[in-house]
Amino acid sequence: MFVFKAAVVGAGTMGGEIAQAIASSDIPVVLKDIDQKFVDQGLEKAREVTAGQLDRLVKKEKLTAEQADTRLEEVIGLIEGTTGYESFGDVDFVIEAAPERMEIKQAVFADLDQVTPGHAILASNTSSLSISEMAEATLRPEQVVGFHFFYPASVMPLIEIVEGDETDPETVQAAYNFAQAIRKQPITCAEVPGFVVNRILNSAVGEVWRAQEERGLAIKKIDEAVAGANVAPMGPFFLGDLLGLDTILHVAEHLNDAYGDSFYVHQGMKKLVADGHLGAKSGGDGFYADGEPQIAGDAEPDGEALAELMKLKAIVEACALLEEGVCTVRDIDLGMMAGAGMDPRRGIFPPFMGADLAGLDEVLSKLERAAEEHGERFAPPTIIRRLVAQGRLGPGAGQGFYAYPRPDEGEQADTVKLETRGEVAIAWLANPPMNAISPQVIKDLGTVWERVTSSGEVGAMVIASSIPVVFSAGADIKAFTQMDEDGGKELIDSGHALLRDLGRNRVSTVAAVNSLAFGGGCELTMACDFRIAAESAVFGQPEIKLGIIPGFGGTQRLPRLVGAEKALEMNLIGDAISAGEAEAYGLANRVVADHELLDAALAWARKLAGQAPVAVEQVKEVSAAGDLDAGIEAEKRGFAVAFTSEDAREGIGAFLAKRTPKWKGR
């Protein structure tokens, strides 16, 4: 399902910013509310946000003032404000952003079911309410999905895509691709109270709230201590004022009702909300007034102990989500990074990544002590006990919740690291931040492959990512555009030769796809004999969106794996597909849990390494015999034509500038 026009119902602060995010991606959007004054406020918010974004580009000298003024009017011109449903007859995707009351949301969904075309997806921006209950108000529950932005929507990159009881996988995938189209970072999850980020965040912050009220601690000192301990980007009480105490209280009470005393509700916050002190989001005071606390307490907090409680409770709740099958390891951590500001570059680590770095045996010991002191809510999760029992303790062991390289001693290539485990080798892609397939990566992978194939001791090689949240997001477009014609041709030829050899050599190859495998990254996986995908894996060939075509075998290997029709769809549409869909079509051989990916890939590699080398070589050579080389030559010619076109220059320029390309057809 494709989105050519969207709509937002509810023109409050969030609704206005959501509409702005859609319009700034050059998608027309209708912004509706029940009163024109609310519509006007939403439109003004969209204008204010857009002007701020453009002003920053002007200051960075990426735009002139005149260009910014023109762009401002273009974006706002794509937003239609209305108090009626007259313009909903041709929308493809609607986001409900009404007040957090189920009866209101069900009434909106009943209306949307009548006024939108049958193919339209109906989504809710709810932060905690049931998607399934909203879907009951429609005749299309399979097309109802959660689409939860984080405040402020113009800044926060995360969208939680929440699957209701009857939501169709195609709806989830369409929502995922729409989130990417509006330049947001989507994660997908099942429907539970609090979804992912709010559940983990409230569980962890609740321990600070509990300690503050039980011990009469000074909230200003707590905020300073927690922020200083690098467990969160800012203190919980200061953050509460920014997000809005009414919103936080609503979620906290909802989670307390759902999960019990493990989720604490701050009684002082409850009184502040009752008295109308809702925080800075509403333009007033909250936990603080003019920088001074409005919550009783002056005792000195133990900042280190509070920070430790937050980290421990976060990993407990993250494991609960994992064990309940709500979300994957990668998506939980990515959600906390993009939705809660846990940025590893600043030393603030999301739950699973942080637990691995601390050592899972150490985390287990701390949880056991915390459970003795604070009770059952800190009981160590089963998954941690299992990983520790298996010796998977984190980076030093090569495996925890994530897999970690332990490269061989001696000289290593810069962007691909070689690790040998008996008759199996691992080529670790190590080109942060996104493992882009650059000229250096191709060269280094060739160096590693030469070492592996010439050793005479390795029977199979796994290609894996050393970056937990991505396999490879595609080719390094900028690096490719800086090469001259001869250098580009040499690179294409050598790259194709390398990928061709991965699929015909007597050393078998297995791609361990942990996450995004787009463009050149997807083509690298297809060049391998087998692809083992984590549940978090996502595959795609988005080159068409840049005005070019796949350049490393995507037009030839993809049809051989998924069939001509699906390959044509993927190459011409350019949207991503999930690991489950990839397995269904034959692009992925198996899909496994995130934390089991490397083990599964290594098991395949060990089995393959034990086969007769000559027979392996011959089977690979003659299987699916067809004119692949001729196809590759045709692809190379087609790639050269497309890559040197004006459309390619426009598409690449738009990609680098994060704007929508304007094609000329030449």
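Here's what I pulled together on the structure shown here. Everything quoted here is computed from the prediction, not taken from an experiment.

1. Structural notes on helix α1 (residues 13-23)
Taking burial as the measure, the 11 residues of α1 include 10 buried ones, the bulk of the element. Inspection of α1 places M14, G15, G16, E17, I18, A19, Q20, A21, I22 and A23 among the buried residues, and these make up the whole buried set.

2. Let's talk about the pattern of salt bridges
All told, the structure shown has 35 salt bridges when counted by the stated rule. With a shortest N-O distance of 3.5 Å, K366 and E308 are connected by a salt bridge. With K366 in helix α15 (residues 360-374) and E308 in helix α12 (residues 303-323), this pair connects stretches of sequence that are 58 residues apart. Under the relative-accessibility criterion, E308 is labelled partly exposed at 23%. Between D331 and R330 there is a salt bridge; the shortest N-O distance is 2.9 Å. Here D331 and R330 have matching classes, each one buried. When salt bridges that share partners are traced, they join E207, R210, D261, K313 and R377 into one network.

3. Some thoughts on a positive patch on the surface
Together, R56, K59, K60, K62, R183, K478 and K658 make up a positively charged patch on the protein surface. Position of K60 relative to the elements: it lies in the loop between α2 (36-59) and α3 (65-77). You can call K60 exposed: its relative accessible area is 59%.

4. Brief notes about the state of the cysteines
One pass over the full model with this rule turns up zero disulfides. Of all cysteine sulfurs, the one in C528 lies closest to C522, which takes part in no disulfide; the gap is 11 Å. Accessibility expressed as a relative area gives 0% for C522, which makes it buried.

Conventions and cut-offs
- Residues numbered from 1 in each chain as written.
- Predicted model: local features only at pLDDT ≥ 70, side-chain atom pairs only at ≥ 80, totals over all residues.
- Heavy atoms only, no water.
- Buried < 20%, exposed > 50% of the residue type's maximum accessible area, 1.4 Å probe, protein only.
- Helix = DSSP H or I, 4+ residues; strand = E, 2+ residues; numbered from the N terminus.
- Salt bridge = Lys/Arg side-chain N within 4 Å of Asp/Glu carboxyl O.
- Patch = residues over 30% accessible without salt bridge, like charges linked within 9 Å, V, L, I, M, F, W, Y side chains within 5 Å.
- Areas by Shrake-Rupley, 256 points an atom, 1.4 Å probe, with all protein chains shown as cover.
- Lys, Arg positive; Asp, Glu negative; His and termini not counted.
- Charge placed at Lys NZ, Arg CZ, Asp CG, Glu CD.
- Disulfide = S-S within 2.5 Å.

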